[in-house]
Amino acid sequence: MTATHESAAGLGEIDTDPAALHPITITVNGTTHRLAVEGRRLLVDVLRQDLRLTGTHTGCDQGVCGVCTVRLNGATVRSCITLAVQADGAEVRTIEGVAPDARTLHPIQQAFWEKQGLQCGFCTPGMVLRVQEILEQNPCPTRAQVREGISSNLCRCTGYQFIVDATVEAAERMAEGS
Amino acid sequence: MSQTTDSHADVPAPMAPHKDMKWIGKSVKRVEDPKLLRGLGRYIDDVVLPGMLHAAVLRSPHAHARIVSVDAERARRAPGVVAVLTGPEAAEQFGPLPDSGPAPDKHVWRVLAADKVHYVGEGVAVVVAENRYQAEDARTLIDVTYDVLEPVVDPIAAAEDTGNLVHEALGTNVAYERTFTFGDVAHDFADADLVVRDRLRWGRQTAHPLDTTAAIGDYDAGTGEMVVHTNSISMTWLAFGAAVALGIPSNKLDLRPYISGGSFGSKQFCWRSTVTAAMMSKITGRPVKYVEDRLDHQLNGDQHGSDRYYDVELALMRDGTFRSLKIDCVDDYGAYIQFGVGSHGNALAQVTGPYRITSTEYRVRAVLTNKTQQGAYRGFGADAGNWALERIVDKAAAELGLDPADIRRRNLIPPDAFPYHIPSGNMYDSGNYEPVLDHALQRFDYDGWRRKQEAMRAEGRKIGIGVVTANERSVYGATEFWFWFDDKDVPVKTTSTPEGVSMTVDTVGAVTVTLYSTPFWGNSSDTVAAMLAAEEFDVDPADVSVVHHGTKGGLPAAGPGGSRLTVMLAGAITGASKKIKDKLRRIAAHDMEVDEADLEWVDGGYQVRGAEDSRRSIGDLAMLAYLVKTALPDGEESGLAADFVYDHPHLTMPKPDRSDLGSFYPCVGHACHLVAVEVDEETGSVDILDYVAVHDSGTLVNPRSYDGQIVGGTAQGVGTALAEEMTYDAAGNPLVGTFWDYLIPTALDVPEVNFGHEETPSPITAHGIKGGGEAGRLMAPGALSAAIDDALRDHGVRVTELPATPERIVGWIQGHRG
Ligand code: FES
Ligand code: FES
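Bear in mind the structure is a predicted one, so any value in this text is a computation, not a measurement. (Residues numbered from 1 in each chain as written. Chains lettered and ligands numbered in written order. Predicted model: local features only at pLDDT ≥ 70, side-chain atom pairs only at ≥ 80, totals over all residues. Heavy atoms only, no water.)

J.: With reference to specific residues and values, describe the overall build of chain B.
T.: Along chain B, the regular secondary structure elements total 20 helices and 29 strands. Computed over C-alpha atoms, the radius of gyration of chain B comes to 27 Å, within 12% of the 28 Å expected from 2.2 N^0.38 for 818 residues, which places it in the range of a compact globule. Counting only C-alpha atoms and orienting by the principal axes, one finds that chain B spans roughly 90 × 75 × 55 Å. With 818 residues in all, chain B has 66% of them scored as buried. Accessible surface computed for chain B: about 25900 Å², of which carbon and sulfur atoms make up 50%. One finds the centroid of the 76 positive side-chain charges in chain B at a distance of 1 Å from the centroid of its 115 negative side-chain charges. (Helix = DSSP H or I, 4+ residues; strand = E, 2+ residues; numbered from the N terminus. Rg over C-alpha atoms; globule rule 2.2 N^0.38 Å. Buried < 20%, exposed > 50% of the residue type's maximum accessible area, 1.4 Å probe, protein only. Areas by Shrake-Rupley, 256 points an atom, 1.4 Å probe, with all protein chains shown as cover. Lys, Arg positive; Asp, Glu negative; His and termini not counted. Charge placed at Lys NZ, Arg CZ, Asp CG, Glu CD.)

J.: Outline the packing of aromatic side chains, listing residues and values.
T.: Residue and element names in this part refer to chain B. Here the structure, examined in full by the defined rule, presents 24 aromatic pairs over all chains. Look at F418 and Y433: their rings are 5.4 Å apart centre to centre, the planes differ by 75°, and that puts the pair in the edge-to-face class. Of this pair, F418 sits in the loop between α12 (404-409) and β16 (420-421) while Y433 sits in helix α13 (residues 433-444), and the two are 15 residues apart along the sequence. Residue classification places Y433 among the buried residues on the basis of a relative accessible area of 1%. Each ring, one from F537 and one from W601, has its centre 6.2 Å from the other, and the planes form 80°; the classification is edge-to-face. (Phe/Tyr/Trp six-rings, centres within 6.5 Å; stacked < 30°, edge-to-face > 60°.)

J.: Pulling in residues and values, what's your account of the pairing of strand β4 (residues 69-72) of chain A?
T.: Residue and element names in this part refer to chain A. On β4, burial covers both faces: T69 and R71 on one face and V70 and L72 on the other are all buried. Note: β4 against strand β5 (residues 75-78), four bridges, orientation antiparallel. Of the residues in β5, the one forming a bridge with T69 is R78. Connecting β4 to the antiparallel partner β5 that follows it, the hairpin turn spans two residues, and N73 within it adopts a positive phi of roughly 50°. As judged from the two bridges shared by β4 and strand β6 (residues 91-93), these two strands associate in the antiparallel manner. Across the sheet, R71 pairs through a bridge with R93, a residue of β6. (Pairing = 2+ DSSP bridges.)

J.: So what about the sheet that holds strand β3 (residues 81-86) of chain B? Which residues, and what values?
T.: All names here are of chain B. In spatial order, the strands read β3-β5-β1-β12-β9-β10-β11; together these seven strands make up an open sheet with mixed pairing. Every other strand in the sheet has two partners, leaving β3 and β11 (253-257) as the edge strands with one partner each. Direction aside, neighbouring strands of the sheet carry axes that sit 20° apart on average. Where strand β9 (residues 214-220) lies against strand β10 (residues 225-230), six bridges are found, and the strand directions are antiparallel. Bridge pairing links I216 to H229 in β10. Its contacts with the sheet place helix α8 (residues 272-284) against β1 (53-59), β3, β5 (123-129), β9, β10, β11 and β12 (288-291), and it is angled at close to 30° to β9. (Axes fitted to C-alpha atoms, helices over the stretch in contact; angles between N-to-C directions. Contact = heavy atoms within 4.5 Å.)

J.: Give a description of the environment of Q110(A) that names residues and reports values.
T.: By secondary structure assignment, the location of Q110(A) is in helix α2 (residues 107-115). What makes Q110(A) buried here is its relative accessible area of 19%. For the pair Q110(A) and H22(A), spaced 88 residues apart in sequence, the C-alpha separation works out to 40 Å. Excluding its chain neighbours within four sequence positions, the residues that come into contact with Q110(A) are L105(A), R173(A) and K29(B).

J.: Please set out the layout of surface pockets residue by residue, giving values where relevant.
T.: Residues and elements named next belong to chain B. Here the largest pocket is characterised by a volume of approximately 1000 Å³. As for the largest pocket, its lining consists of 34 residues, and the residues nearest its centre are D99, S100, G101, L238 and T494. The residue makeup of the lining of the largest pocket includes at least three contributed by each of domain 1 (44-149 + 207-300) and domain 2 (308-479 + 655-817). (1 Å grid on protein atoms, 1.4 Å probe; cavity = no way out; pocket = protein on both sides within 12 Å on 5 of 7 lines; lining within 4 Å. Points joined across faces, edges and corners; volume = space filled by probe spheres on them. Domains from an automatic or database assignment.)

J.: I'd love a proper account of helix α14 (residues 446-458) of chain B, names of residues and values included.
T.: All names here are of chain B. The end-to-end C-alpha distance of α14 is 18 Å, a good match for the 18 Å that 13 residues give at a rise of 1.5 Å each. The set of residues buried in α14 consists of Y446, G448, W449, R450, Q453, M456 and R457. Where α14 is buried, its residues touch α12, α13, β18 (463-474), β26 (667-679), β27 (686-696) and α19 (775-791). In the segment just after α14, G460 is the residue with positive phi, at about 95°. (Expected span 1.5 Å × (residues − 1).)

J.: Tell me about unusual backbone geometry, and name the residues and values.
T.: All names here are of chain B. Looking along the chain, the bond that leaves F418 and enters P419 is cis, with omega of -5°. Structurally, the position occupied by P419 is in the loop between α12 and β16. Look at the link from L802 to P803: it is a cis peptide, with omega at 0°. Along the chain, P803 falls in the loop between β29 (801-802) and α20 (806-817).

J.: Could you give me a rundown of the nonpolar core, with the residues and numbers involved?
T.: Membership of the largest hydrophobic core comes to 214 residues, with the highest contact counts inside it found for F112(A), I150(A) and W484(B). Once you skip the residues sitting within four places of it in the chain, W484(B) turns out to touch Y176(B), R178(B), F180(B), V341(B), G342(B), H344(B), G345(B), L348(B), Y362(B) and V364(B). Within the second largest apolar cluster, 54 residues are counted, among which are V28(B), L532(B), A570(B) and A766(B). (Core = buried A, V, L, I, M, F, W, Y, C linked by side-chain atoms within 4.5 Å.)

J.: I'd love a proper account of the domain arrangement of chain B, names of residues and values included.
T.: When the parts come together, some accessible area is lost, and that loss is often what is quoted as the size of the interface. Residues and elements named next belong to chain B. Taken as a whole, chain B is organised into domain 1 (44-149 + 207-300), domain 2 (308-479 + 655-817) and domain 3 (499-646). In this structure, domain 1 and domain 3 have C-alpha centres spaced 40 Å apart. Taking both partners together, domain 1 and domain 3 bury about 1500 Å²; carbon and sulfur atoms supply 60% of that area. If you sort the residues of domain 1 by the area they bury against domain 3, S234, T236 and P257 come out on top, with a joint share of 37%. The interface formed by domain 1 and domain 3 contains one salt bridge. Among the ionic pairs, E225 bridges to K552, the shortest N-O distance being 3.4 Å. The tally of links between domain 1 and domain 3 comes to 10 residue pairs in polar contact (both at pLDDT 80 or more). When residues in the side of domain 1 that touches domain 3 are grouped by element, the largest group, five residues, is from β11. For the side of domain 1 that touches domain 3, the per-class residue count stands at nine nonpolar, nine polar and five charged. (Buried area = accessible area lost by both parts, 1.4 Å probe. Salt bridge = Lys/Arg side-chain N within 4 Å of Asp/Glu carboxyl O. Polar contact = N/O pair within 3.5 Å; in protein donor to acceptor, adjacent residues only side chain to side chain. Nonpolar A, V, L, I, M, F, W, Y, C, P; charged D, E, K, R; others polar.)

J.: Please provide a residue-by-residue account of the interface of chain A and chain B, values included.
T.: Contact with chain A, which involves 71 residues of that partner, is made by 73 residues of chain B. Together, the buried faces of chain A and chain B total about 5800 Å²; carbon and sulfur atoms form 55% of this surface. Here chain A is connected to chain B by 33 residue pairs in polar contact (both at pLDDT 80 or more). If you list the elements that add at least two residues to the side of chain A that touches chain B, you get β1 (2-5), α1 (43-50), α2, α3 (124-137), α4 (143-150) and α5 (161-177) of chain A. Counting residues per element, the side of chain A that touches chain B draws most heavily on α2(A), which supplies six residues. Considering only residue class, the side of chain A that touches chain B consists of 30 nonpolar, 24 polar and 17 charged.

J.: Can you tell me about the side chain of R78(A), naming the residues and giving the values?
T.: All names here are of chain A. Inspection of the secondary structure puts R78 in strand β5. Despite being buried, R78 has no salt bridge partner; E133 is the closest side chain of opposite charge, sitting 9.0 Å away. For R78, the side chain forms a polar contact with the main-chain oxygen of G63, separated by 3.2 Å. In contact with R78, not counting residues within four places along its chain, are G63, V64, C65, G66, C68, S152 and N153.

Structure follows, in structure tokens:
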């Protein structure tokens, strides 16, 4: 049997027209950016490549692992399956916008450090942003609630236990601090 | 390193755990973490070089097909495209990838397929463009004509098939076959009261770090220098293999290590992305980044785990005493066999586990099929080996009506038998196994759980308890890769697995450690190095600077793998520190005009014994070493720097007839895992109710990060036992390719692990440390399998195949219902 692997599209069908660029305005960690992006351009690529905020990682590019998690108008989303044009007009928060300043860690980051809620650190930015959202919604979660909450995000290293420890610790610190 | 063939005359008796250390044994916060927590880790895909291009690889849709033609003309004209390299073109310009398997010329392994594709996902062309979007667009414009062949999928059938071959030049699909016999197996079997037999299946899995394998090649056409920024390949002393593939002199290649989001073994042998990025940089003269996407990684990452079919026989006495063990294993290696059967060498390091078993037979057949080839995954073959042994032990306990904890206890190697040689020849350096079992049983409240279990079962709930007692060999020796072959067939009988470090103490006494192989893979290389150096110099680990050096001009180093890193860094840093401290002592003695022997190191400086106010701090002495040449003893060089290459702590050579493989994996830890599960008979789901893990890996360096390794490895073991499987259909099509269908555990799938520790120091390593990085995954599959058996004992179910997915469990229940 002979099979030819057919190419998908002819040259003419590829959209290379610069006119296909779409103007967008996004505010990332408090700074407003005006950009022109292709319709297909992913939010994660705008953050990582155009704005050079490389703390947002990708683990699957398929919307499964949660490694690319950012907050869009306060809610966590998967930036690998969010188009940049969908973020037009939105407020985006990435891991770079979590710590109050260059010398101080956010209490969640501090708790992750003390409890070793990370090993390779690759899932960590998405995990920290997800934990922040969980604690905003429920400042005093049980371990089971934390597990359910972070089950949106995969971590291959830690087995999650110390992430749960860190989240509970962060909740306590934040309760003391407020 | 000792390379004698005599036994263990040079192995000192185990020492008592030492408790007088400043940093070792403390749960220090990791020095790597602040940057990672801020998203400033600089993983390889975060790096941008000026003028950098991006690569995408076109992959075979067929498991087995001849490449008739590859037409890339339309792709070459596509927007943004700078170069396209097809498989046939690559074969003309670049050499094969480094392959230490048997007869590498008969199953030539290339970065792109040249004449035939051997599995779905094998690369056939690379496109390089200004950005990844354009590279992927252009990839779809390449026309490949294939002559599709019958796929070779079932390894059992493939082993017998001489007509349809994955590699015609090999003349068979069996890349390697050998039977080793250690001791008088026939006699022990004849003498035994009974023989328990099992047929077991360990499914194909893969490590799946969340960060894939990636590299940036940066070739300087003027100098001929090739720099590759890479998150894989830790083995400095084997980097010449990549230079050969790339056709450049070995001393013009520099592999620069980058941190990576996990490896678990999978990045150890990953030549492909490094070579892909480098060859395309050589062709274009510009930096080229190649980052595997998840599908690239799954289908073509060279890192699938063991895929084994076992026949196991255990000969034993009616009182439960084990006598002999026979293992016959077919391993489906996929289309290539890059490291030979090293993963069976690994299993042979602890083939009889923690038990007194006097003889063993081990047969392996390594079969090639049209699938992605194997790499390393946490356990490297000893994962499957431990599981198979623990399965047969459970079957023996069931047949004799013995409690699974009791049958294990009566067979454990007693503490006075160490150092202990198992039948294959490997030496276990030290151990005290029964306290580990007792500790675990008590921590779990085994008797209490047994009572609770009966009460819950009386209510109709399917509750089961599983126990394993198993070993974790650590610090591999290179002989495991070649003792499979007769001496005459081994071109270089490699015995080195070096780990080099350089250390400096600067003018003001600040310490820097340079590592030569060790990309940070989540395994705390920097924290470990900082703690070990801090222990030597009485500084704070947070103040130690750790540098990662590239391969070019570097010391030899083998990096993480086989749970060796902490042990090897301890040896190297202890050695380099001693050189520097000896020099500091000479300078101090000279300056203080006292005899060197009268000085002692106390709290970060040298003082005359007992005279605290005579102390010269490391900073004072460093100032002299760098700035006051006239204060140094005659002939003493300025500065404070030392290199040290630590090699394997205890390697002995295999006997020529291979009746004894020598000692190659000698730092042997032990663990007991206990688990209680509930199985839902209708859905087949397994709920973990309680989980205890007690480990003994010798001296603990950083207990919190050690526990992190245990719980992380245990979680991977849960995935191994219950969910993860790389499946193929009968035509060789992979049935999983994403995290939607390759199910790595979520936070809801894994237990809270209740940890316990015992510490039996190694007599042959610095500080008595043994490795522990793989330990969790080496234990959990056996414990969970046993617990499922126990839960479903009314149905007569035994877990003989992993993963024990819900579908399989329901099928087993239905099968037994008839
Ligand atoms: S990278 Fe976005 S969900 Fe995995
Ligand atoms: S810390 Fe490595 S994936 Fe979570």
